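The lines below spell out each chain.
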Amino acid sequence: MTGTEAIGAEAAGLTSRWQNALMDNYGTPQLPLVRGEGAHVWAEDGTRYLDFVGGIAVNALGHAHPAVVEAVSTQIAS
């Protein structure tokens, strides 16, 4: 399997998970995102994007805000 095929396979897996787990309110994303930090998100090929629709899927603090991560981690560790 080449690198391009591997990337495509990962995208297909993410797309399948999305379609099986979520309502189709906004349609299936054409670009599967694999990571978020603050106001930025990353595609599986490493391309970074500014998340202009973050308010729909996350709180106003953005993705993986350190204070939120710490609070949730503390709660689940108890």
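What you see as residue numbers is a count from 1 along each chain, following the sequence as written. Residue-level local features of this predicted model are given only where pLDDT is at least 70; pairs of side-chain atoms are given and counted only at 80 or more, and the full residue set underlies all totals for whole chains, interfaces and linings. The side-chain numbers reported here are obtained from all heavy atoms of the structure, hydrogens and water having been left aside.

Peer 1: Mind showing me how you'd approach a nonpolar patch on the surface here?
Peer 2: In this scheme, patches are assembled from residues that exceed 30% relative accessible area and form no salt bridge. Like charges are connected within 9 Å, while nonpolar side chains (Val, Leu, Ile, Met, Phe, Trp, Tyr) are connected within 5 Å. To measure how exposed things are, a 1.4 Å probe is used in the Shrake-Rupley method; for residues, cover is taken only from the protein chains shown. Note on definitions: salt bridges are taken to be side-chain nitrogens of Lys or Arg within 4 Å of carboxyl oxygens of Asp or Glu. Taken together, Leu61, Val68, Val72 and Ile76 make up a surface patch of nonpolar side chains, about 350 Å² in accessible area. The way it works is that DSSP assigns letters per residue, a run of H or I at least four long becomes a helix, a run of E at least two long becomes a strand, and they are numbered from the N terminus. With respect to the helices and strands, Ile76 occurs in helix α3 (residues 66-77).

Peer 1: Help me understand the confidence of the model for the protein chain in this model?
Peer 2: As a general rule, the predicted coordinates of low-pLDDT regions are not to be interpreted in detail. pLDDT runs from 0 to 100 and stands for how confident the predictor is about each residue. The predicted model of the protein chain has a mean per-residue pLDDT of 79, with 82% of residues at 70 or higher. By mean pLDDT, helix α2 (residues 54-57) is the weakest element of the protein chain at 63, and strand β3 (residues 48-50) is the strongest at 93. Between residues 1-6, whose pLDDT stays under 50, and residues either more than four places distant or in other chains, the model counts 1 contact. It only takes one pair of heavy atoms within 4.5 Å for two residues to be counted as in contact.

Peer 1: I keep staring at the pairing of strand β1 (residues 33-37) and nothing clicks. Help me out?
Peer 2: Consecutive residues of a regular strand have side chains that alternate between opposite faces of the sheet. For two strands to be treated as a pair, DSSP must find at least two bridges joining them. Pairing of β1 with strand β2 (residues 40-43), which is carried by 4 bridges, proceeds in the antiparallel orientation. Residue pairing for β2: Leu33 is matched across the bridge by Ala43. In this structure, the hairpin formed by β1 and β2 is closed by a connection of 2 residues, where Gly38 is found at a positive phi of approximately 60°.

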